[in-house]
Amino acid sequence: MNFQRLFAGVLRWVVAPLVLWVSGLFTASFVLGGQYSWPQTSRVLVLTATVLILAYEFVYKEQLSLKIPASQAKTVVVYACLLPYLAGWVAVLAQWFW
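What you are looking at is a predicted structure, and each value in this text was computed from that prediction instead of being measured.

A. Main features of the overall build of the chain. Tallying secondary structure elements over the chain gives three helices and zero strands in all. The order of helices and strands in the chain, counted from the N terminus, is α-α-α. Overall size of the chain, expressed as C-alpha extent along the three principal axes, is 45 × 30 × 20 Å. Burial status across the chain gives 30% buried among its 98 residues. The contacts of the chain with a sequence gap of at least 6 include a subset with a gap of at least 24, amounting to 68%. Carbon together with sulfur atoms contributes 72% to the accessible area of the chain, which is approximately 6,500 Å² in total.

B. Structural context of the packing of aromatic side chains. Counted by the stated rule, this structure contains three aromatic pairs. Where Phe3 meets Phe7, the ring centres are 6.2 Å apart and the plane angle is 25°; that geometry is what we call stacked. With Phe3 and Phe7 both in helix α1 (residues 3–33) and four residues apart, this pair spans about one turn of that helix. On the numbers, 5.3 Å between centres and 75° between planes, the contact of Phe30 with Tyr36 is edge-to-face.

C. Representation of the nonpolar core within the structure. Ranked by size, the top nonpolar core spans 13 residues in total, and within it Ala16, Leu20, Val59, Val77 and Cys81 carry the most contacts. Those elements that place two or more of their residues in this core are α1, α2 (38–65) and α3 (70–97). No other element matches α3, which puts six residues into this core. Not counting chain neighbours up to four residues away, the residues in contact with Val77 comprise Ala55, Val59, Tyr60 and Leu82.

D. View of the packing of α1 against α3. At a minimum axis separation of 7 Å, α1 and α3 run at an interaxial angle of 35°. As for how α1 packs across α3, the hand of that crossing is right-handed. Looking at the contact of α1 with α3 residue by residue, the classes come out as 19 nonpolar, six polar and one charged.

The rules behind each value
Residues numbered from 1 in each chain as written. Predicted model: local features only at pLDDT ≥ 70, side-chain atom pairs only at ≥ 80, totals over all residues. Heavy atoms only, no water. Helix = DSSP H or I, 4+ residues; strand = E, 2+ residues; numbered from the N terminus. Buried < 20%, exposed > 50% of the residue type's maximum accessible area, 1.4 Å probe, protein only. Contact = heavy atoms within 4.5 Å. Areas by Shrake-Rupley, 256 points an atom, 1.4 Å probe, with all protein chains shown as cover. Phe/Tyr/Trp six-rings, centres within 6.5 Å; stacked < 30°, edge-to-face > 60°. Core = buried A, V, L, I, M, F, W, Y, C linked by side-chain atoms within 4.5 Å. Axes fitted to C-alpha atoms, helices over the stretch in contact; angles between N-to-C directions. Left-handed = near helix turned anticlockwise from the far one by under 90°. Nonpolar A, V, L, I, M, F, W, Y, C, P; charged D, E, K, R; others polar.

Laid out in structure tokens, this is it:
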């Protein structure tokens, strides 16, 4: 197994889901908290930009560099990035309502 495949696997299965889940938690708690100050809003905007860059540059483009078709690379982004982000939101919503 070469280094590039190992790096892509670690990003896909460990780093991206963990970062996106925590990002979902933080963003959901900010939105539901109702305390909108400029410093807090700027943190959420920077976090959102960081998450988008992570998903595109380090997950999607890394999968494309492994000669995976674009449609399959988009599926990887959904499973490695979008679902953990939504799981973070669901965790905060579950705590918020129960």
